[in-house]
Amino acid sequence: MTGEAKRASGRGCAIALMITSALCFSIMQLSSSLCASIPAMEQIFFRNVVSILMYVMVWKKGLPLLGTRAQQPKLICWSLCGCLNVLFLFIAAKGGDQGSLMIIGRTSGFLVVILAGLLLRERVAPAQYLAVMLALSGGALTASPSGTLWDSPFILLMALLSSLFSALAAICLGFLKNQVHALTVAMHFSVVSLLLSAPFLVVDFAAPTGIQWAALVGIGISGGLGQLTQMWAFERAPVNEINIYGYSGILFSMALGCLFLKEQITLAAAAGGLLVIAAGVLSYKIAEKERPSAVTARRNQVD
């Protein structure tokens with residue numbers, strides 16, 4: 001197999017993994033809604049018990065379990081932001097419809113563009129701001145009076161906070177890039193989330209029923225698989241090439257909400273979802289257009 005064929009095969013595998021990751025995270029969100037009476041911290045606890053077991057099964061010998069001491073400040077920031085992202089998502093899932101929550105959640109990718117420019121000093125192409133405006137418009141439309149979250153301001157606030165901390169977690173990952181192995185990053189998040197959520201079980205524990213047990217296990221399996229498949233996808237292809245396929249989660253969440261929760265898709269929510277997906281496509285095209293010039297610049301530096 002030629003080098004070009006190997007790259008094409010790797011990219012195809014990465015796309016499949018990214019779509020699988022989007023489906024897994026949609027299933028995790030649905031599973032959280034199916035056991036809505038279980039406290040959010042209890043859901044987080046069981047999610048990470050299952051996830052840690054999964055990470056142990058694929059662990060690579062010689063990897064530091066939780067990273068080095070010097071890496072802890074960045075890893076702790078990542079884990080705390082990630083834990084808050086999941087916490088607010090699980091709270092929102094108690095009352096928000098699946099499609100709208102995923103639409104709001106996917107706007108985090110565009111908040112990252114703004115935050116990366118401010119915090120990481122990364123260059124942001126002017127056209128990227130158009131993609132950001134499209135995405136934020138889609139989120140606003142979903143939360144408008146014609147959408148499904150307008151009558152639930154608390155749920156909307158939780159969804160927005162989840163999106164914000166998802167973006168902050170992504171920025172933390174930017175600081176960790178090429179410094180810490182992906183499995184160590186994932187394990188650190190799960191251990192910290194487990195330790196933070198465990199004390200809440202003492203004061204606020206709800207005994208799950210049979211169906212709720214199944215939903216809690218579903219949260220752990222789908223959340224863990226979503227994290228692993230996303231990491232494996234990023235190992236096989238550049239993030240800006242495959243991140244667009246993560247927007248399939250909007251379609252998955254809408255379909256799962258209709259199928260399992262009998263949720264109705266409003267015209268505003270559908271239009272908002274299309275705007276966010278369009279913003280993702282535009283962002284991908286911008287990155288694709290700029291990639292050749294970046295490669296040329298690197299070659300000139302070498303020369």
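Since this is a predicted model, take the numbers as computed values, not measurements. (Residues numbered from 1 in each chain as written. Predicted model: local features only at pLDDT ≥ 70, side-chain atom pairs only at ≥ 80, totals over all residues. Heavy atoms only, no water.)

Engineer: Report on the overall build of the protein chain, specifying residues and quantitative values.
Structural biologist: The number of helices and strands found in the protein chain is 12 helices and 0 strands. Reading the protein chain from its N terminus to its C terminus gives the helix and strand order α-α-α-α-α-α-α-α-α-α-α-α. With 303 residues in all, the protein chain has 48% of them scored as buried. Sequence separation of 24 or more characterises 90% of the internal contacts of the protein chain that already satisfy a separation of 6 or more. As displayed, the protein chain offers around 14,800 Å² of accessible surface, 69% of which is attributable to carbon and sulfur atoms. (Helix = DSSP H or I, 4+ residues; strand = E, 2+ residues; numbered from the N terminus. Buried < 20%, exposed > 50% of the residue type's maximum accessible area, 1.4 Å probe, protein only. Contact = heavy atoms within 4.5 Å. Areas by Shrake-Rupley, 256 points an atom, 1.4 Å probe, with all protein chains shown as cover.)

Engineer: Any chance you could break down the nonpolar core for me, citing the residues and the numbers?
Structural biologist: Core analysis: the largest hydrophobic core is formed by 48 residues, its most contacted members being W78 and F90. Only helix 2 (40-57), helix 3 (72-92), helix 4 (98-106), helix 7 (153-176), helix 8 (182-203) and helix 9 (210-236) provide two or more residues apiece to this core. Broken down by element, the residue count for this core peaks at 10 residues, all from helix 3. The residues contacting F90, other than those within four sequence positions of it, are M28, S32, A40, Q43, I44, R47 and I219. Core analysis: the second largest hydrophobic core is formed by 12 residues, M102, A135, Y247 and I250 among them. (Core = buried A, V, L, I, M, F, W, Y, C linked by side-chain atoms within 4.5 Å.)

Engineer: Give a description of the packing of aromatic side chains that names residues and reports values.
Structural biologist: Scanning the entire structure with this criterion turns up 4 aromatic pairs. An aromatic cluster is defined as three or more aromatic residues linked by ring pairs; in this entry it consists of F45, F46 and W213. Between R106 and the ring centre of Y247, over which it is positioned, the NZ or CZ distance is 4.2 Å. (Phe/Tyr/Trp six-rings, centres within 6.5 Å; stacked < 30°, edge-to-face > 60°. Lys NZ or Arg CZ within 6 Å of the ring centre and 35° of its normal.)

Engineer: Can you break down the environment of E42 residue by residue, with the values?
Structural biologist: Tracing the sequence through the fold places E42 in helix 2. Sequence-wise, E42 and A198 are 156 residues apart; in three dimensions their C-alpha atoms are separated by 7.7 Å. In this view, E42 contacts L201, D204, F205, A206 and P208; residues no more than four positions away in its chain are not counted.

Engineer: Account for the side chain of S100, with residues named and values stated.
Structural biologist: With respect to the helices and strands, S100 occurs in helix 4. Polar side-chain contacts of S100 include one of 2.9 Å to the side chain of D97. (Polar contact = N/O pair within 3.5 Å; in protein donor to acceptor, adjacent residues only side chain to side chain.)

Engineer: For a nonpolar patch on the surface, give the residues involved together with the corresponding values.
Structural biologist: A surface patch of nonpolar side chains, amounting to about 300 Å² of accessible area, comprises M57, V58 and W232. Among the secondary structure elements, V58 is positioned in the loop between helix 2 and helix 3. (Patch = residues over 30% accessible without salt bridge, like charges linked within 9 Å, V, L, I, M, F, W, Y side chains within 5 Å. Salt bridge = Lys/Arg side-chain N within 4 Å of Asp/Glu carboxyl O.)

Engineer: Report on the packing of helix 2 against helix 3, specifying residues and quantitative values.
Structural biologist: A pair of packed helices is characterised by two quantities: the angle between their axes and the separation of those axes. Direction vectors running N to C along helix 2 and helix 3 enclose 125°, while the axes themselves pass 9 Å from each other. In terms of orientation, helix 2 and helix 3 fall into the oblique class. The element helix 2 and its partner helix 3 pack so that their crossing is right-handed. Residues A40, M41, Q43, I44 and R47 of helix 2 form the contact with helix 3, whose participating residues are C83, V86, L87, F90 and I91. Residues that form the contact of helix 2 with helix 3 fall into these classes: 8 nonpolar, 1 polar and 1 charged. (Axes fitted to C-alpha atoms, helices over the stretch in contact; angles between N-to-C directions. Parallel < 35°, antiparallel > 145°, perpendicular 65-115°, else oblique. Left-handed = near helix turned anticlockwise from the far one by under 90°. Nonpolar A, V, L, I, M, F, W, Y, C, P; charged D, E, K, R; others polar.)

Engineer: How would you summarise the packing of helix 4 against helix 7 if you had to cite specific residues and measurements?
Structural biologist: Across the interface, helix 4 lies against helix 7 with an axial gap of 8 Å and an inter-helix angle of 40°. In this structure, helix 4 crosses over helix 7, and the sense of that crossing is right-handed. Two secondary-structure elements touch here, helix 4 through L101, I104 and G105 and helix 7 through I155, L156, A159, L160 and S163. Its residues assigned to classes, the contact of helix 4 with helix 7 shows 6 nonpolar, 2 polar and no charged.

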